[in-house]
Amino acid sequence: MIEELQQNVHAQPPLVTLKNVQKVFQSGGKDFVAVKDVTLTIEAGDLLSIVGPSGCGKTTVLKILAGLYDASGGSVQIGPEGAGSVAGHDVGMVFQQPLLLKWRSIIDNVLLPADILGLPRKEVRERAHDLLAMVGLKDAADKYPYQLSGGMQQRAAIARALIHDPKLVLMDEPFGALDAITREKMNLELLRIREQSNKTFIVVTHGIQEAVFLGSHCAVLSAGPARMADYFAIDIDYPRPLSVKTSPKFGAYVERIYDKLDMSA
């Protein structure tokens, strides 16, 4: 049923397809099933939000998408004809903590993936300045992480994830460590960056309203092992002001997720 919904949601061949993906870990000689039968399709330009309870396996799914974990079963396809895990240069990662190196300036932090991949320094440095401008840190290039607020550090982390021009940007609870007001601002910033960068984003969150506000599509995972509980397109036009959260349509999507997670009053 979920797979049929996804086929109807997407009119064009998807950029990424996960079909019946499973992940089994071994612990103490026993198998631990973290992910079971997850099917996802991500079209180029989507912002897919993945929502579910803490510890349900959302991050494991993200790591499979990143190629950090191999799936124990099922298939991962990249592009309409490609297959296999995503190559490192095709993925940018943003974590809950910015993880900036305190001894490197902001621009040198942004350049870190390019240094690791051996990309041409001059070209990439120009791109780094452009990305810092895009995320609102034009004047922070020569500063160090301790000189920036938490929200500003996370903007730098987003610029770093984009430096090598990846196909996918994967974000694991990227604003979970921020205060509520800063988190709302960063939600707006992410939508602006997504529009300007024209990249495909996948954002893992346990915030139900955040999932609806950000996503062009939403995947709902049940408690571990992660299973597909729902998948749907979010028919709310971008750009989205924060006031959209008071609309009946927004509320209906939130209620749909509550129902799938058995959280309705």
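Visitor: Hey, could you run me through the nonpolar core in this one?
Guide: Side chains that are nonpolar tend, in soluble globular proteins, to be buried together. Residues Leu132, Ile163, Met171, Leu190, Cys218 and Ile257 are the most contacted members of the largest nonpolar core, which totals 52 residues. Element by element, the count of residues in this core is highest for helix α6 (residues 150–162), at six residues. With residues near it in sequence (within four places) discarded, Leu132 still touches Ile106, Ile107, Val110, Leu137, Lys138, Ala141 and Ala159. Grouped together as the second largest cluster of nonpolar side chains are 29 residues, Cys56, Leu65, Leu168 and Ile202 included.

Visitor: Before we go on, may I ask you to explain the pattern of salt bridges in this structure?
Guide: When charged atoms on two side chains of opposite charge get close, those side chains can pair. In total, this model carries 12 salt bridges according to the counting rule given. Where Lys245 meets Glu184, a salt bridge forms, and the shortest distance between an N and an O atom there is 2.8 Å. Placement of the pair is Lys245 in the loop between β9 (228–233) and α9 (248–260) and Glu184 in helix α7 (residues 180–197), with a sequence separation of 61 residues. Residue Glu184 is classed as partly exposed on the basis of its relative accessible area of 29%. The salt bridge partner of Asp230 is Arg256, with a shortest N-O separation of 2.7 Å. Here Asp230 is found in strand β9, whereas its partner Arg256 is found in helix α9, with 26 residues between them in sequence.

Visitor: Please clarify how the sheet that holds β9 should be interpreted in this entry.
Guide: Spatially, six strands are ordered β5-β6-β7-β3-β8-β9 in an open sheet, and the strand pairing comes out mixed. Since the sheet does not close on itself, it has two edges, and those belong to β5 (91–94) and β9, each with one partner. Averaged over all neighbouring strand pairs, the angle between strand axes comes to 15°, with direction disregarded. Packing of helix α2 (residues 58–66) onto the sheet brings it into contact with β3 (47–51), β5, β6 (168–172), β7 (200–205) and β8 (217–221), and relative to β6 it is tilted by some 155°. Where α6 meets the sheet, its contacts fall on β5 and β6, and the angle it forms with β5 comes to roughly 165°.

Calculation rules
- Residues numbered from 1 in each chain as written.
- Predicted model: local features only at pLDDT ≥ 70, side-chain atom pairs only at ≥ 80, totals over all residues.
- Heavy atoms only, no water.
- Core = buried A, V, L, I, M, F, W, Y, C linked by side-chain atoms within 4.5 Å.
- Buried < 20%, exposed > 50% of the residue type's maximum accessible area, 1.4 Å probe, protein only.
- Helix = DSSP H or I, 4+ residues; strand = E, 2+ residues; numbered from the N terminus.
- Contact = heavy atoms within 4.5 Å.
- Salt bridge = Lys/Arg side-chain N within 4 Å of Asp/Glu carboxyl O.
- Pairing = 2+ DSSP bridges.
- Axes fitted to C-alpha atoms, helices over the stretch in contact; angles between N-to-C directions.

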